[in-house]
Amino acid sequence: MRAMKNYPYVITVSSEKGGVGKTTLATNLAIFLKGLDENLPVSILSFDNHFTVDKMFSIKGQQLRGSVADLLLETKGADLLHTGQYGVNYIPSSTSLPNLKASLRGPMVLARLLAMSEIPGILIVDTRPDLDVMTQNALYAADRVLVPIKDMASMDNCRNIFELFDKRGLDRKSLSLIPCLIDERIKFEGLFKDQKTLLKAFAINRGFRCLDIFISKSPKVESLNTNPEGKIYPILTHGRGTDVYGQFTALGQTCLEEYYHTEEPRALLYDKWQNEENKRKKEEYFGRLSGLKSQCLVCGKELKQESQVSYYCESSDGAASGFMEADCFTGFLISTIFKIERELPADDPTRMMIHQTALESVFVLNPGDGNEPGSIDFHRFDLTGSELLKKKYPLARGPQRDGFSGILDGTLAGYQGELRDAFLMVHPVNGDNPASILVDENYREMAKLKKRIAEQL
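Residues numbered from 1 in each chain as written. Predicted model: local features only at pLDDT ≥ 70, side-chain atom pairs only at ≥ 80, totals over all residues. Heavy atoms only, no water.

- The name given to the protein in an unreviewed UniProt entry is Chromosome (Plasmid) partitioning protein ParA, and the organism recorded there is Citrifermentans bremense.

### Regarding the nonpolar core
- Counting 49 residues, the largest nonpolar core has L45, F47, L72, L97, M155 and L177 as its most contacted members.
- When near neighbours in sequence (up to four residues on either side) are disregarded, L97 contacts S46, F47, V68, A69, L72 and M134.
- In this structure, L29, I31, V53 and F248 belong to the second largest nonpolar core, which totals 38 residues. (Core = buried A, V, L, I, M, F, W, Y, C linked by side-chain atoms within 4.5 Å. Buried < 20%, exposed > 50% of the residue type's maximum accessible area, 1.4 Å probe, protein only. Contact = heavy atoms within 4.5 Å.)

### Description of the sheet that holds strand 6 (residues 144-149)
- Strand order in the open sheet formed by seven strands is 3-4-2-5-1-6-7, and the pairing between neighbours is mixed. Each edge of the open sheet is held by one strand with a lone partner, namely strand 3 (82-83) and strand 7 (175-179).
- Here strand 3 pairs with strand 4 (residues 89-90) via two bridges, running antiparallel. Looking at strand 4, one finds that H82 is bridged to Y90.
- Sheet strands in contact with helix 6 (residues 152-168) are strand 6 and strand 7, and its direction is about 170 degrees off that of strand 7. (Pairing = 2+ DSSP bridges. Helix = DSSP H or I, 4+ residues; strand = E, 2+ residues; numbered from the N terminus. Axes fitted to C-alpha atoms, helices over the stretch in contact; angles between N-to-C directions.)

### A few points about the UniProt feature "domain: AAA" (unreviewed entry) in the protein
- As recorded in UniProt, the sites labelled "domain: AAA" (unreviewed entry) are residues 10-151.
- Structurally, residues 10-151 comprises 29% helix and 17% strand, and the distance from its first C-alpha atom to its last is 26 Å. (UniProt positions renumbered as here; feature names shortened; annotations may be inferred.)

### A look at the environment of G18
- Following the sequence through the fold, G18 ends up in the loop between strand 1 (9-13) and helix 1 (22-36).
- Taking relative accessible area as the criterion, G18 reaches 40% and is therefore assigned partly exposed.
- Once the C-alpha coordinates of G18 and P148 are considered, the two residues, 130 residues apart in sequence, prove to be 10.0 Å apart.

### A few points about the pairing of strand 2 (residues 42-46)
- Most of strand 2 sits out of view: five of its five residues are buried.
- The alternating pattern of strand 2 places V42, I44 and S46 on one face and S43 and L45 on the opposite face, and all of these are buried.
- As judged from the five bridges shared by strand 2 and strand 5 (residues 122-126), these two strands associate in the parallel manner. Residue pairing across strands places I44 opposite I124, the latter belonging to strand 5.

### A short note on the pattern of salt bridges
- This structure, assessed with the given rule, holds 26 salt bridges.
- Residue K281 pairs with D440 through a salt bridge whose shortest N-O separation is 4.0 Å. Of this pair, K281 sits in helix 11 (residues 266-290) while D440 sits in helix 15 (residues 440-456); the two residues are 159 residues apart in sequence, bridging distant segments of the chain.
- Across the salt bridge formed by K450 and E314, the nearest N and O atoms sit 2.5 Å from each other. Of this pair, K450 sits in helix 15 while E314 sits in strand 8 (residues 309-315), placing them 136 residues apart in sequence.
- K450 gets classed as buried once you look at its relative accessible area, which sits at 12%.
- Taken together, the salt bridges that share partners define one network made up of K22, D48, D126, R128 and D130. (Salt bridge = Lys/Arg side-chain N within 4 Å of Asp/Glu carboxyl O.)

### Examining unusual backbone geometry
- At F51, a residue that is not glycine, the phi angle is positive and equals roughly 60 degrees.
- Following the sequence through the fold, F51 ends up in the loop between strand 2 and helix 2 (52-57).

### Looking at the sheet that holds strand 10 (residues 362-367)
- Pairing in this open sheet of six strands is antiparallel, and the strands run 9-8-13-10-11-12 from one edge to the other. Looking at the sheet topology across the chains shown, the edges are occupied by strand 9 (321-325) and strand 12 (387-394). On average, each strand axis in the sheet is tilted by 20 degrees relative to the strand beside it, whichever way the strands run.
- Where strand 10 meets strand 11 (residues 375-381), six bridges bridge the pair, whose relative direction is antiparallel. Bridge assignment links N366 to a residue of strand 11, and that residue is D377.
- On top of the sheet, helix 13 (residues 349-359) reaches strand 8, strand 10, strand 11 and strand 13 (424-428); it is set at about 50 degrees to strand 8, its chief contact.
- Each of strand 8, strand 10, strand 11, strand 12 and strand 13 touches helix 15; the most contacted strand, strand 8, lies at about 55 degrees to it.

Listed below in structure tokens is the structure:
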């Protein structure tokens, strides 16, 4: 039984080689699946821009609401489905897909979108004849990938798909080659009698899974795509009596059997993983929040909701963290770093310049090494981790405490008053929402920056 929430079982049809029957395979498989089980929801979308899917399934006068581009822009997939001809649902194609490639940050975006799509039953995804980021997304989101091959050149190209799966650590078992456009009139002497036998033997020799089913080349079928009416007719209704009709029936039955034996489609597994990942991120976020010191690390006063916080501080060993108020840290820079003894009012140009420069910088306070104990290395970096300034200052102790002493004692204090072997990083934050620096994505970027800086110290 399927879970109450709809998760699609995804079949992706993909090949880097054009002219292998990829779109014919995708569109006709959708129709045969619906014909074999009329109660099963079957849907299709295409990342190609030839609009064959629309020509095959659209109904004249049908009002369209969104397209596959809207799916990539986070619209729920079920809201984009249109009931098409032959009972197959389709998401309209789009010419704007090339402009959206940059929005696909990584190859797992489509998997996430389909996990939340609520598209029921089987979804077939037709792809472009290349391995761009959209095709990779379609491959990684699939429960079954059908790779049509018609000759050795197309088989050589499919090696790249298998290598993509190996690189990503995905199971090759979801990949299946299917010989297409096989001319059964061609016969060979020797062990391999025909094209399909030869292609399957070479596929197995290379470690590829190849279906026993194949799709023949047929003048009758070719005429369904190219005719004076300019229409595209399906094999189910216009190809009866041909070998191809029986071959698509067999392929549809195989896909249905796999579908009904799949307890948890990939979209459901991704949704479970995403929920666990969100839970983990939430727990880590609250863990980071609970570890924060409640006082400003410069002045030591309790931070309140109205406090003007502008900096997050964290020790390199992760043992101490907290925030600094904007004015406190600017005052620290003025008095301790720039040695300006007089009070600078808020509208003083020098104070304003120091304040603005600090908000565009990352600072590191690093206790001196064993050769120069009692000193502090003060570093300034830009937001990419490139060092802009390094100066060494004596570290006052006892009654002569200075700005450094208060900050370091509150963050790097170790055994018997000694400082731990660590450094303190001061990073600017969004003053309206300082805690956003602790959200997983932001914190991960800051941690990368901390690592880059650590490698330079």
